[in-house]
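# A closer look at the structure
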Amino acid sequence: MTRQDASAIFERIATLLELKNENPFKTRAYRTGAEIVESFSGDIMKLAAENQLAGIKGLGEALRDKLHEMATTGRLEFYEKLKAEFPDTLFELFDIQGLGPKKVTALHSQLGVSSLADLKRVCEDGTAAAISGFGDKTVKKILENIAFHEQHASEFRLDQVYPIVQAILEALREHQNASRVEICGSFRRGKETVHDLDFLVATKQPDKVIETFVQLPQVIDVIAKGPTKASVHVKEGLQCDLRAVSSAEFPFALAYFTGSKEHNVAIRGRALDYGLSLNEYGFTSTKDGVSVPEIEDERDIYRTLGLDYIEPELRENTGEIEAAEHGKLPRLIELENLRGVFHNHSTYSDGRATLREMAEAAHDLGMQYFGIADHSKASFQANGLDEKRLQAQIAEIRELNAEFEGFRIFTGSEVDILKDGSLDFPDEILAQLDYAVASVHNVFNLPEAEMTKRIIKAIENPYITMIGHLTGRLLLQRPSYAVNVSAILDAAAATGTIIELNASGWRLDMDWRWWKLAREKGVKCSINPDAHSTQGLKDVIFGIRAARKGWLRREDVINTLPLGEVEKALKAKRRHTA
Ligand code: DGT
Ligand code: CA
Ligand code: CA
Ligand code: ZN
């Protein structure tokens, strides 16, 4: 069981106890426990398995025992029993945005709502709007959120599936009969959400590998099992397919099942021009005098067709084939290129680790600098800082910086863009910072023209170094607010304002589909984890995947610059406009 699973179970327990009207202190303990498990800096599941959890602040004996049980048995008796007291369908309600435990409790106890279908019915027939805490407006919003949720049913975010992919790849690679193992499909292409996971193995003994696959501990049920392929469900209904092929077929199957379908179609068409027919098993000659080449890996397939190797992230048939033909493919950024991060939070605002813990974690990850951008005062729900607390933070950073060598903490702020486009801090305050990230955190319902004007006004401020999570989307949960991204990019290019690629698996905002255009306009990117815990710093990997999918190179991303050069990049806009 992963720490994410354990944390999610504590979170569920808290909500179920709330539904049962249990003691709020007990509920609170589970919720805190969930946060600690999620953000603890060491290997908490290993410690739990070895009974080494004593002394972790906020984790009482009852929760320690439960973690131990989960880490050693993979389940929790207490949770199973608690869950059995409620209908299964009740859990559907928790996936609807804007429906917290309080509202769920009210709907459940007053109207007997126990499923998504029930919820829809009471929202549509007016009964929900009649109970306290639910006006017409709330009900309308809930119905919108249900519709959005249904549109994206059976999709999963990259960060949700990432640990599962790692675990399954590792298990298959350990198999003595598997010579090559890969993940294909949308996951390999770095999509921000996926429908299912497509694993591929090269083996001489498909039956043996398939038997191992269907018996993996993650598997909940087996959908289908044949001599060369199998499909299973893992948690929350996520489907995983495995196909077994021979070593000779492997590169062809890898290319085929990586997709995208559109890319495959174009590549197959190109092969025909070369007198070759291409499918998931291999090449066959379609013309006299054309012989089938020797193929060992995907690279050879592309080479045969007169193309440079196309990285999986680029295989969307959006110009990559032409670029590969003319030697014009970008050399894509890699995780190792990142030298530091901006836009992170600490306990000064809504982060779970102290400034020192965050900085040390960044240092331990091999970064050369760490930027702190806690919320500003208008984000009161996130414990935003006023001027005085910001000054205190700047003073603490100065002291901490004296302790490090070859590593620096930059002072920043994630300053709110207010409704009219003005900023939550005056210029005199912003001028004291090394950089500022400006973000929209409220009033999402403005018309597009007004929202665009609001953000452009912030962009025109010389002290705003970059714009945070440009469109405000939460993947699979909340759509973007209305904003003219193309106009924003023009304004960013004209002023030298950086656009963030927020690397949180929930956001991946600005979306990869915009980055190629942004790059062409000369807009620079900053890949920011928006970390609220030391663990959260590792989310940069999702940002890197999205950046690659957006055709970005090392030189397009400012936090690839080493310490000593990045300071200049942060100040460039001020010098030109202030
Ligand atoms: P998703 O929806 O997130 O699972 O996206 P994919 O791309 O992983 O789609 P999936 O799992 O249905 O299929 C995996 C790959 O297999 C897909 O990217 C391309 C290939 N493929 C599947 N069906 C077809 C097809 O009918 N024609 C072609 N050319 N390729 C296909
Ligand atoms: Ca797939
Ligand atoms: Ca599939
Ligand atoms: Zn934010």
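Residues numbered from 1 in each chain as written. Chains lettered and ligands numbered in written order. Predicted model: local features only at pLDDT ≥ 70, side-chain atom pairs only at ≥ 80, totals over all residues. Heavy atoms only, no water.

## Re unusual backbone geometry
Heads up, the condition is: Numbered from the N terminus, helices here are DSSP runs of H or I no shorter than four residues, and strands are runs of E no shorter than two.
Omega for the peptide link from G259 to S260 comes to -5°, which places this bond in the cis form. With an omega of 10°, the peptide bond running from D509 to M510 counts as cis. As for its placement among the helices and strands, M510 is situated in the loop between β16 (498-502) and α22 (515-521). Located in the positive-phi region is N383, a residue other than glycine, with phi close to 60°. Within the secondary structure, N383 is located in the loop between β11 (369-372) and α18 (387-403).

## Describing the sheet that holds β16
Selection rule: Paired strands, in this sense, are two strands between which DSSP finds at least two bridges. In this analysis, two residues are considered to be in contact whenever any of their non-hydrogen atoms come within 4.5 Å of each other. Note on method: axes are straight lines fitted to C-alpha atoms, helices fitted across the in-contact stretch only, with angles between N-to-C directions ranging 0 to 180 degrees.
Taking strand neighbours across the sheet as the criterion, the 5 strands line up as β13-β14-β15-β16-β17 in an open arrangement whose pairing is parallel. Every other strand in the sheet has two partners, leaving β13 (414-416) and β17 (525-528) as the edge strands with one partner each. Here 4 bridges tie β16 to β17, and the two strands are oriented parallel to one another. Residue pairing for β17: E500 is matched across the bridge by S526. Docked against the sheet, helix α23 (residues 540-549) engages β16 and β17, running at close to 145° with respect to β17.

## Here's the deal with the coordination of the calcium ion (ligand 3)
Rules: For Na, K and Ca the donor cut-off is 3.2 Å, and for all other metals it is 2.8 Å, counting N, O and S atoms only; because water is absent from this set, sites may look incomplete. Only protein chains enter the calculation, and the probe is 1.4 Å; a residue is then buried if its accessible area is under 20% of its type maximum, exposed if over 50%, and partly exposed in between.
Within the protein, D196 (OD), D196 (OD), D198 (OD) and D241 (OD) serve as the donor atoms for the calcium ion (ligand 3), at 2.3 to 2.9 Å. Positions of the donor residues of the calcium ion (ligand 3) along the chain correspond to the pattern D-x1-D-x42-D. Here the calcium ion (ligand 3) and the calcium ion (ligand 2) are spaced 3.8 Å apart, linked through D196, which binds each one. With a gap of 43 residues between them, D198 in strand β4 (residues 196-203) and D241 in strand β7 (residues 239-245) connect regions that are remote in the sequence. Here D241 falls in the buried class, since its relative accessible area comes to 8%.

## Some points on the domain arrangement of the protein chain
Here is the rule we go by: Where each domain begins and ends follows an automated or database-derived domain assignment. Accessible surface is computed with a 1.4 Å probe, and the buried area is the amount of it that two parts give up when combined, taken over both parts together. Any carboxyl oxygen of Asp or Glu that lies within 4 Å of a side-chain nitrogen of Lys or Arg is treated as forming a salt bridge with it. Polar contacts here mean pairs of N or O atoms no more than 3.5 Å apart (in protein, one a potential hydrogen donor and the other a potential acceptor; neighbouring residues in sequence count only if both atoms are side-chain atoms).
Per the domain assignment, the segments making up the protein chain are domain 1 (3-151), domain 2 (156-247), domain 3 (259-325) and domain 4 (335-577). Put simply, the middle of domain 2 and the middle of domain 3, counted by C-alpha atoms, are 25 Å apart. Overall, the association of domain 2 and domain 3 removes approximately 560 Å² of surface from exposure, summing both partners, and the carbon and sulfur fraction of that is 40%. Taken as a group, R180, R188 and R189 account for 89% of the area that domain 2 buries against domain 3, more than any other trio of residues on that side. At the surface where domain 2 touches domain 3, the tally comes to 2 salt bridges. When the shortest N-O distance is used, the salt bridge between E316 and R189 registers 2.9 Å. Inspection of the region where domain 2 meets domain 3 yields 3 residue pairs in polar contact (both at pLDDT 80 or more).

## Considerations on the coordination of the calcium ion (ligand 2)
Going by this rule: In these descriptions, tetrahedral denotes four donors with every angle between 85 and 135 degrees, square planar four donors and octahedral six donors with opposite donors over 155 degrees apart and the rest between 65 and 115, and irregular any other case.
Looking at the metal site, the calcium ion (ligand 2) is ligated by D196 (O), D196 (OD) and D198 (OD), spaced 2.1 to 2.9 Å from it. Taken together, the 6 donor atoms coordinating the calcium ion (ligand 2) span angles of 67 to 166° at the metal, a pattern that classifies the geometry as irregular.

## So, the packing of helix α1 (residues 3-19) against helix α6 (residues 101-111)
Packed helices, taken two at a time, are described by their axes: the angle between them and the distance between them. The condition that has to hold: Geometric relationships in this document are graded by angle, where less than 35 degrees denotes roughly parallel, more than 145 denotes roughly antiparallel, 65 to 115 denotes roughly perpendicular, and other angles denote oblique. Two helices that cross are described as forming a left-handed crossing if the nearer one is turned anticlockwise from the farther one by less than a right angle, and a right-handed crossing if clockwise. Residues are grouped as follows: Ala, Val, Leu, Ile, Met, Phe, Trp, Tyr, Cys and Pro are nonpolar; Asp, Glu, Lys and Arg are charged; all remaining types, including Gly, are polar.
Contact geometry of α1 with α6 gives a least axis separation of 9 Å together with a crossing angle of 40°. As summarised for this structure, α1 and α6 are arranged oblique, according to the angle between their axes. For the pair α1 and α6, the crossing hand works out as right-handed. The segment α1 lies against α6, with T15, E18 and L19 engaging P101, V104, T105 and H108. Its residues assigned to classes, the contact of α1 with α6 shows 3 nonpolar, 3 polar and 1 charged.

## Examining the site of ligand 1
Cut-off, in case you're wondering: Here a residue is considered near a molecule or strand provided that any single heavy atom belonging to it is located within 4 Å of it. Each accessible area value is a Shrake-Rupley result obtained with a 1.4 Å probe; residue values ignore everything except the protein chains displayed when judging cover.
In the vicinity of ligand 1, 15 residues are found, and the nearest of them are S186, R189, H195, D196 and F257. Interatomic distance of 3.2 Å between a side-chain N/O atom of D198 and an oxygen atom of ligand 1. Here a nitrogen atom of ligand 1 sits 3.4 Å away from a polar atom, N or O, in the side chain of R268. Protein coverage of the free-state accessible area of ligand 1, which is 590 Å², stands at 70%. Among the elements of the structure, α11 (185-188), β4, α13 (250-258) and α14 (261-273) are those that each provide at least two residues to the shell around ligand 1. Among the residues forming the shell around ligand 1, the class breakdown is 3 nonpolar, 7 polar and 5 charged. Structurally, the shell around ligand 1 is a two-domain feature, drawing no fewer than three residues from each of domain 2 (156-247) and domain 3 (259-325).

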